[in-house]
Every structure is written in structure tokens, then in C-alpha cells.
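If you want the building blocks of each chain, they are given just below.
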Amino acid sequence: MDYTKLKNRPSWPFETIGVAIAFSPRLESILCEARILSERFNANLVLMHIGDRTRNKEHKLSELLAKAGIKESAVRVIWSEGEPVQTLLHLCKLNIVDLLVMGAMKKENVLQYYLGTVARKISRKAKCSVLLLTEPNKEGSRFRKMVVNIAESPKTSHTLNTAIYFARHNKSREIVAASEMHQPGLAMTMAEDSTAGEASRIRKEIKEGAHSMVNELLEGCKEECNIEIVEKQITGKPGYAIRAFAAQKKADLLVINSPDVKYGIIDRIFTHGMEYILEDLPCNLLIVHSRVNPAE
Amino acid sequence: MSYRLGHSDLIILLLAIATMLILSRIVAELGKRLKLPVVMGELLVGIVLGPTILGTMFPEVFSFLFPLQSNEKVAYALDGIFSLSVIMLLFVAGMEVELPLVLRQGKAAISTGFGSMIIPFFTGFAVAWFAPEIFGIVDTGNNKWIFSLFLGTALSISALPVIARILMDMNIFKTRIGMIIIAAAMFNDLVGWLIFSVILSLSGNGGDTSSVGYTIGYVIAFGAFMLFIGRILINRALPWIQTKLSWPGGVLAMSLGLCLLCAAFTESIGIHAILGAFIAGIAIGDSVHLREQAREIIHQFVTNFFAPLFFVSIGLKVNFIENFDVSIVLIVLVLAYIGKVAGAGLGGIAGGLKRNDALAVGFGLNARGAMEIILGTLAYNAGIIGKPVFVALVVMALVTSLTSAPLMRIFMKDSPELKQ
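Not measured: the values here are computed from a predicted model. (Residues numbered from 1 in each chain as written. Chains lettered and ligands numbered in written order. Predicted model: local features only at pLDDT ≥ 70, side-chain atom pairs only at ≥ 80, totals over all residues.)

### Focus on the sheet that holds strand β7 (residues 174-181) of chain A
All names here are of chain A.
Part 1: Strands sit in the order β3-β2-β1-β4-β5-β10-β9-β6-β7-β8 across an open sheet of ten strands; the sheet is mixed. At either margin of the open sheet sits one strand with a lone partner, and together these are β3 (75-80) and β8 (228-235). If you compare each strand with its neighbour and ignore which way they point, the axes differ by 20 degrees on average.
Part 2: Note: strand β6 (residues 145-150) against β7, six bridges, orientation parallel. Across the sheet, the residue bridging to Lys-145 is Glu-174, located in β7. (Pairing = 2+ DSSP bridges. Helix = DSSP H or I, 4+ residues; strand = E, 2+ residues; numbered from the N terminus. Axes fitted to C-alpha atoms, helices over the stretch in contact; angles between N-to-C directions.)

See below:
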């Protein structure tokens, strides 16, 4: 298989939108969402179902496509069998999907969370951007208020550009560029030998560092932006702090980088980073896969 | 016999504590101007107030102020305070261990963590096993076995507070190298203290190695319980404690109370109290609900009250000049540098770091600081090591802490991560 087209492919624009179909009660809403997004981004739609191809399913899908206002001739439907996660990931690569749209429960029960459902597993492993919709609806979700997680990573400039691109096409009103400030060992270090002045200087330097990082990223943005971007610094453990902030801000969409390391069950036991968000989605979630190697 | 402190005993106890606190703070502040770590000032005060200087020059003043040999009640009271101090120090050390950070940093941090643990451990173990006489250890089987395990552990531990300070001063805390060093140091501390608890427990059993399986089982069971179930319970309770109870009194009392409960539990099952405190610290410190302010208050309380008392007390117990054995000090220093730098360096290279970056990581992790001194003190109190080895460990802790930053700078001079 030739993956060279994927290498260094930018995370935006979204030329091909993939939809994972599971014939759940929410399928009609997800198809409606996918149709609306494909219109907004002027993207092709690829529908993928992993499982048996039966007449019943074909019939049901035709019905739902019609209800969602999608012409069957305008979409590609792929039926495939195999292990759902690996097969979906493979199909996304094969079809050069830029954005995979999936429905996801806001919170899963403990067993589901630790064992991992398809949506969560895909979120951890996908080599394309993933949009998890917590409450898909037939009128299409609104993404008025977006929170973008500004992490210290080469991926973040791609994420920010993608978020601005997403916001522009979805008529968003506000983007909050939120950076998480967390320095392990800081409390211990400052308790030992810092005067009040030194402690406040250190804190100020950390804040200024975060501020200049956001500024540099915003100045380097390639995407045109006519939306208000508010900068915000939040304290707390990475992943948890941004989740809590997005929930408190009542954001419609949280945008984050794709993970730098492969997440496994141990990362769910000792929760960190993106796992805090997947554990309890505060709103819809866009995971931007920038196809950049963080080590480079 | 009355179990209450008498009028004069209480006065002596209060005078001793006040002297230790005030002098250590003054000397630490003076040392800060020379960029010396606080712990160095505290140790120096202990050496001045202890048998090394005050005890030699003014023995009457020394035995009046610190009657460790002559007044049983004051000695017990001070010993209780020193024991509480070390428990609290391990509690706050645990609070700063973030297991997820090690996972988040990926392959480089994990291989550096392993390398900086395994190679120093086996270097120390091998030298102690094959040449115990260098350290004055009588080869009686279990003695040698416990001492070898101890030396390996002592050489593999790192000091997170010192390392964090060095990285902050060098402005490389949040760089890739900085985060790898921090993650690896946390890994070293976690594994090191777990192993050390087993060693202390073995030593407490008179070196009876037949119970080692049970001890390891207890350590694992307790750690697993606290880090899985305990963490979940703490995560449930903390938001309630921080909002419904007095602030910050509620969280302070509950956190320290839990630390002491865990310490009492591990002590009662034959593992040292420090393990309970350390694991309780990890479980509480890991909670996303623990407010930063609460964390700072706990640190301030422990670091500025218990830490000086503990580090000053070290000098009160040992004559540093009498027990300074140049050959042991040099051997411990050489082993410390070679083991840590080679281990962390090779681990870093295996994890994908460039040679110079890997060496910088090695020298960064080489800072042993206060953690080594605590470890050495506990081993000395448990009779695992003698005074000369204890003094050598203290010297090694100070020398590695002082040389860490300059040596890191040498290997990072061409690194884009070093901004200054």
C-alpha cells in the first residue's frame, strides 16, 4: 500500500471526511452531521462500515442516507470485515481521510473505559484528525465557542491552524487558546529556598513563557482569522485542566493535539494527558493529527 | 518513673529545637548567596552544633543543649521529632512523584529511568559484594547481602528537588531534556524507595532472607492498594474536603493524617514507616483535585520545619572529622559518578538521545541531594552501614549536587535547549 501521499500531508483543509458507521440509534444524526460538515468544508464523504454486508443493512443505510439528505451517488460506501479498530484505521489511510467523524458517549462506564470502545481506541491511534461528537443532531452541531489546547509541541501550530480553519467554516464566534501551566516539582523547589520575591518572579516567568508561546503561535498562523482569539492560561495537570476549563467555559468544541506516545491500558490506570479528556468528554472533541513527528 | 517531660527537660527540648531552626535558616540563607543548596547549610549547622565541633570544643554546652546520651527523656522526645521529620520528608517527596509524567515522556524517559537505576545499582552491588572489606563490612553472609543491596540502591537514587532547582536555574525545565531528567528522577525515586523499604525490613528481621518474599509481597500489595483503590478514594474525598471543611486546615489535617496512618500501617506490618508515607504522598500528590495552594502549604510546612530539624540532627549524631575516611569517600564518589552517568547516558542513547544530551541527562540525574542523605541516615540508624560509609554518602550527596549544573552546562553548550 502506498502511504507516501499521507506523509507530511497538512492537517487542513479537510478534503475527505470519513464516517464510521455502526448502525446505532444515532446513525441518522451522525450522517446529518457528516453531510453538513462535508458541505461546510466542501469535502468528499466516505462512509465505512466494519461488519457483515447484509441486504438489511444496505436497505437501512439507503433509507438513512435519504433521510440525512445525502445522495448515494455523492458518497463512497465501503463495507469491510475484520477487527473494527485496525480495519477502520487502515481504511482511513487507504482513502486518505483527513477527518474521521464519529459519535461518542460523553462518559463510558468503568469497564468500557478500561477495555476501550471503538471511538476511544480510534482517538488514540488514528493517523488522521478525529472529530468525536457527543450529541450529534440532525440540524448539525454548532461550534460557536471553541477551546484550543496550546501545548508545548511542534504539533500545536498545525492544531491551531486547523482549529482556525474549522472555526472559519463553521462560523464560530470565539476561540480560546488555552495553555496549561504545570511544572512538576515546582512547589517543592520553591518551598525550599525561594523568597516571596523569587517565588513570584518564577511564577511570572512561567506565565510570560506561556504567553509568548501563544503569541508566537498566533503570529505564525497561516490561516486567515477574523474570529476573536482569547488567550488563557490555566493551571493544573495537563489534560485534566483543559477538560475542566472546556466544561466550565461551556465550550462547543475542544481542539487538542494527537497524542505523542502510544496510549495503552496503563495510561488509563495512571491517567494522564488526553486520557483525562477521553475519560469524560466535556464537549465535542477534535483531535488534530498533524502528521508531524514530535521528535523532529 | 514519670513519663512526662520535666520542667527543665521541656526547656532544653524547646531550646534545642529553636537553636536548630534559627541557626539552620541563617546559615542556609547565607549559603544561598553563594548558590549553595539549603541542605548544605542545615548539615553544616548540625556539624557545628554536634560532636564534630561543639562537642569537641565545648562538651558541656553540647551535652546541655543536646543531651542525647545523658537525658533519656529529651533524647526520646528528639528522636520522636526526628522520626516524624523523616516520615514527613518522604511524604512530600512522594507528592512530587508523577507516574503519568514518566509514561507521557515515552521511550527516552523510560529507558533513561531504567538505565540510571540498573547500572548504578549493579555497580554498587557488585563492588560491595566482591570487596565488602573496603567499607568495613564483615562478611557474615546476610550482612554482606544487605549492605550490597543497600549500596546499589544508594547509588541509584536521585534527588528530585535539587534536580528541579538546577533545571529551573538553567532554564531548561520545560525542554525535552529537562522533562526526561525529571521523569527519570521520579522513576529512580519510586523504585529506589521501594527497594530500600525491603532492605530496611530485611535488616529489621536481623537479615533473615527467608522472609524476603513476604516483604516484597507486602510492599507490592500495599503499593497496589494505595495507588489503585486509595487513589480513587482520595479523588472522591479531596473535592469534598477542600470545599466543605475549613481551608486550608481541612486538607492539611486530612493529608498529614493519612500520611501518618499509612506510615503506622507499614511500620506495623514490618516494613518501615517511610514506605507508607511515601506511597501516601504519591496517592495524594497525584490527585488532580489537590489544589496547588494546598500542595504549597504542605511543602512549606514540611520543608521549613521538619527538614531543618532532620538535617541538623544528622550532624548531632556523627563526628564528621573522626569518621571521614578518604578512601571510602573517593570510592563512593567514583562509583556514584560512573554508575549514574553511564547508566543514564546509555539509557538516554537507547531512548534516542544524542551522545552529549544523554551525558547531560546523566550528570543532571547524578545530583543526589537530600534524598541520599535521608537514605543514608535511615541505613545508619538501622545499623546497615557504619559511620565512615554514612559520612561518605553525605559527602557524595553534596558533591554530586554541587557539580551537577556545571557539568551539565559543559555537555549542553551546543544544545539549542540551553537558552542561556
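### Section: the interface of chain A and chain B
Part 1: The interface of chain A with chain B comprises 24 residues on the first partner and 29 residues on the second.
Part 2: Of all the secondary structure elements, the ones that give two or more residues to the side of chain A that touches chain B are α7 (186-193) and α10 (265-269) of chain A.
Part 3: A per-element tally of the side of chain A that touches chain B places α7(A) first, with six residues.
Part 4: Per-class residue counts for the side of chain A that touches chain B are ten nonpolar, eight polar and six charged. (Contact = placed C-beta atoms within 7 Å. Nonpolar A, V, L, I, M, F, W, Y, C, P; charged D, E, K, R; others polar.)

### Topic: the packing of helix α3 (residues 84-94) of chain A against helix α5 (residues 118-125) of chain A
Residues and elements named next belong to chain A.
Part 1: Two elements in contact, α3 and α5, have axes whose closest approach is 10 Å; the angle formed by their N-to-C orientations is 45 degrees. Looking at the two axes, α3 sits oblique to α5. Taken as a pair, α3 and α5 cross one another with a handedness that is right-handed. Note on element contacts: α5 touches α3 through Val-118, Lys-121, Ile-122 and Lys-125, opposite Pro-84, Val-85, Leu-88 and Leu-89.
Part 2: Split into classes, the residues belonging to the contact of α3 with α5 amount to six nonpolar, no polar and two charged. (Parallel < 35°, antiparallel > 145°, perpendicular 65-115°, else oblique. Left-handed = near helix turned anticlockwise from the far one by under 90°.)

### Focus on the pairing of β7(A)
Working note: regular strand, side chains alternate between the two faces of the sheet.
Residues and elements named next belong to chain A.
Part 1: Among the eight residues of β7, six are classified as buried, and the element is accordingly described as predominantly covered.
Part 2: Remark: the β6/helix α6 (residues 156-169)/β7 crossover connection has right-handed handedness.
Part 3: Bridging between β7 and β8 involves eight bridges; their strand directions are parallel. Residue pairing for β8: Met-181 is matched across the bridge by Thr-235. (Buried ≥ 20, exposed ≤ 12 C-beta atoms within 10 Å, placed from the backbone. Right-handed = clockwise from strand over helix to strand, strands pointing away.)

### Focus: the domain arrangement of chain A
Residue and element names in this part refer to chain A.
Part 1: If you check the domain split of chain A, you get domain 1 (1-138) and domain 2 (142-252 + 260-283 + 291-296).
Part 2: Only α1 (27-41), α4 (110-115), α5 and β5 (129-133) provide two or more residues apiece to the side of domain 1 that touches domain 2.
Part 3: Sorting elements by how many residues they give to the side of domain 1 that touches domain 2 places α5 first, with three residues. (Domains from an automatic or database assignment.)

### Thoughts on helix α15 (residues 355-365) of chain B
Residue and element names in this part refer to chain B.
Part 1: For α15, the buried fraction is high: nine of the eleven residues fall into the buried class.
Part 2: Along α15, the residues classified as buried are Asp-357, Ala-358, Leu-359, Ala-360, Val-361, Gly-362, Phe-363, Gly-364 and Leu-365.
Part 3: Lining the buried residues of α15 we find α6 (99-130), α8 (160-169), α9 (176-204), α14 (326-350) and α17 (387-412).

### Describing unusual backbone geometry
Part 1: Here the amide bond leading from Trp12(A) into Pro13(A) is cis, since omega sits at 0 degrees, within 30 degrees of zero.
Part 2: Between Trp247(B) and the following residue, Pro248(B), the backbone shows a cis peptide bond with an omega angle of 0 degrees.
Part 3: Here Pro248(B) is to be found in the loop between α10 (212-244) and α11 (249-268).
Part 4: Phi angles above zero are rare outside glycine, and Phe23(A) is one such case at about 50 degrees.
Part 5: Unusually for a residue other than glycine, Ile96(A) sits at a positive phi of about 45 degrees.
Part 6: Along the polypeptide, Ile96(A) turns up in the loop between α3 and β4 (99-103).

### Looking at the environment of Leu252(B)
Part 1: Relative to the helices and strands, Leu252(B) is located in helix α11.
Part 2: Here Leu252(B) is in contact with Ile297(B) and Ile298(B), once residues within four sequence places are set aside.

### Thoughts on the nonpolar core
Part 1: One finds Leu89(B), Ile163(B) and Ala277(B) to be the most contacted residues of the largest nonpolar core, which totals 153 residues.
Part 2: Of the residues forming this core, the biggest block, 18 residues, is contributed by α9(B).
Part 3: In this structure, Leu89(B) is in contact with Val302(B), Phe306(B), Ala307(B), Phe310(B) and Ile374(B), ignoring residues within four places of it in sequence.
Part 4: Counting 78 residues, the second largest nonpolar core, distinct from the first, contains Leu27(A), Val97(A), Phe245(A) and Leu281(A). (Core = buried A, V, L, I, M, F, W, Y, C linked by C-beta atoms within 7 Å.)

### Some points on helix α9 (residues 240-248) of chain A
Residue and element names in this part refer to chain A.
Part 1: All buried positions along α9 are accounted for by Tyr-240, Ala-241, Ile-242, Arg-243, Phe-245 and Ala-246.
Part 2: Residues of α9 that are buried sit in contact with β6, β7, β8, β9 (253-257) and α11 (274-279).
Part 3: Lys-250 sits one or two positions beyond α9 and adopts a positive phi of about 55 degrees.

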